[in-house]
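# Chains, contacts and geometry: an overview
Here is what each chain is made of, one letter per residue.
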Amino acid sequence: MKIDTIGVQAFIAIAESGSFQTAAESLFLSQAGITRRLQNLEEYLGVKLIERTTRSVALTRVGEDFLPHAKRLLSELASSLSEIRDTGKLKRGSVTIACVPTVGVRFLPKIIQAYSAKYPDNHIKILDHTSAGVSSAVLQREAEFGITIAGSHHAELSSVPLLEDDFVLICRDDHPLSDKAQLSWKELEPYPLISIGQFSGNRPLLDRALETQNLALQSVYEVQRVSTALGLVAEGVGAAVLPRLALQSDAYPRIRVLSLVEPVVARGLVLIARKTAEFSPAAGALYDMVQQYHGELLAH
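Residues numbered from 1 in each chain as written. Predicted model: local features only at pLDDT ≥ 70, side-chain atom pairs only at ≥ 80, totals over all residues. Heavy atoms only, no water.

## Notes on unusual backbone geometry
With an omega dihedral of 5°, the bond running from E262 to P263 counts as a cis peptide bond. Along the chain, the position of P263 falls in the loop between β11 (255-261) and β12 (266-274). Unlike most non-glycine residues, R141 shows phi in positive territory, near 65°. Turning to its location among the elements, R141 is positioned in the loop between α6 (131-139) and β5 (145-149). Residue N214 is not a glycine yet carries a positive backbone phi of 55°. (Helix = DSSP H or I, 4+ residues; strand = E, 2+ residues; numbered from the N terminus.)

The structure is reproduced here in structure tokens:
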């Protein structure tokens, strides 16, 4: 059904002014132009809305009944258009993003706080997935963009490098290695370690980086989530090799973070989106802010 909003606008102007000439002038039309608009609307509706004589203009009974509905129609349309325009200008709306869980610990909070301060009416939904899950969510349009571990991605995805996140040893303050600022991977061999399972994107990355190092690490415990590993470390079960971003500042007062060298192993984090994606204003603002703020993270 096609709504003749132009004809409705002409009808309201004529009804309110009681004059074709005055209505035409208010709409910056010729008298013939506004007459044609009204006639088109009446033909579309199949009824007469206005009776016109040489001396007067009067609404028909149908016209009188239709006038308040016509006014409401144009008022609601104007309100909707204004809301859409304001959405574009103010970047209002909802944003759904996907990320690997460790990104939500230290990377995203500062960005989200800055975004929310600038756009307090916006709603942000975060899908924390494995690295593969992040890519899938973006591809399936469940998320407008994602932050995940660098690597080979689907051909329909574009990626922008964000930062390098090195792997460190996380241990409790009573662990034999806790007084060291840094240590080599070889020094880990005598100690039981908590490792992340194969479903994590971190595990294969570590395996590839260390396969030529001739190490005999004791992976005694295996978990699937970094948060579980942190909990075990906090209780003194063992030490764990995790990305530096996994540990929130001051979350575990007794946990120590030791740099690992020989070699230094790091994972890259990237911002991914569909190559054909057209971001909403709200999502575009957050996407830009992620790129703007990422450089400040490791400095704090």
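Past the structure itself, the notes keep going.
## Side note on a nonpolar patch on the surface
On the surface, Y44, L45, V47 and V62 cluster together into a nonpolar patch covering about 310 Å² of accessible area. Considering the arrangement of structural elements, one finds V62 in helix α4 (residues 61-90). (Patch = residues over 30% accessible without salt bridge, like charges linked within 9 Å, V, L, I, M, F, W, Y side chains within 5 Å. Areas by Shrake-Rupley, 256 points an atom, 1.4 Å probe, with all protein chains shown as cover. Salt bridge = Lys/Arg side-chain N within 4 Å of Asp/Glu carboxyl O.)

## Things to note about the pairing of strand β8 (residues 192-196)
A large share of β8 lies buried, amounting to four of its five residues. As paired strands, β8 and strand β9 (residues 218-223) are joined by five bridges and run parallel to one another. Bridge pairing in β9 links P192 to Q218. In this fold, β8 hands off to helix α7 (residues 202-210), which returns the chain to β9; that crossover is right-handed. Inspection of the sheet shows β8 paired to strand β10 (residues 239-243) by two bridges, in the parallel sense. Bridging across to β10, L193 finds its partner in A239. (Buried < 20%, exposed > 50% of the residue type's maximum accessible area, 1.4 Å probe, protein only. Pairing = 2+ DSSP bridges. Right-handed = clockwise from strand over helix to strand, strands pointing away.)

## Some thoughts on the pairing of β12
Counting buried positions along β12 yields eight of nine residues, so the element is predominantly enclosed. In the sheet, strand β6 (residues 157-172) pairs with β12 via nine bridges, with the strands oriented antiparallel. Within β12, the residue paired with D166 across the bridge is A266.

## Thoughts on the side chain of T102
Residue position: T102 is located in the loop between β3 (94-99) and α5 (103-118). The residues contacting T102, other than those within four sequence positions of it, are V226, L245, A246 and R267. (Contact = heavy atoms within 4.5 Å.)

## Focus on the nonpolar core
In terms of nonpolar packing, the biggest core is built from 55 residues, with F107, Y115, F145, I147, L169 and L188 touching the most fellow members. Non-local contacts of L169, meaning those with residues more than four positions away in its chain, are made with L177, L183, L188, L193, A239, A240, V241, R256, V257, L258 and L260. Ranked by size, the runner-up nonpolar core spans 16 residues in total, among them F20, A23, I50 and L67. (Core = buried A, V, L, I, M, F, W, Y, C linked by side-chain atoms within 4.5 Å.)

## A look at the packing of aromatic side chains
Tallied over the full model, the rule gives five aromatic pairs. Ring geometry for F279 against Y287: centres 4.8 Å apart, planes inclined by 45°, an arrangement best described as tilted. Put simply, the rings of F145, F279 and Y287 touch in pairs and so form one group of aromatic residues. Positioned above the aromatic ring of F20, the side-chain terminus of R52 is 4.1 Å from the ring centre. (Phe/Tyr/Trp six-rings, centres within 6.5 Å; stacked < 30°, edge-to-face > 60°. Lys NZ or Arg CZ within 6 Å of the ring centre and 35° of its normal.)

## Notes on helix α3 (residues 31-45)
Under the 1.5 Å per step criterion, the end-to-end length of α3 is 21 Å for 15 residues, consistent within 8% with the ideal 21 Å. Taken residue by residue, α3 has G33, I34, T35, L38, L41 and E42 as its buried positions. The first or second residue beyond α3 is G46, which carries a positive phi of 80°. (Expected span 1.5 Å × (residues − 1).)

It is worth stressing that arrangement in space is one thing and function is another; only the former is reported here.
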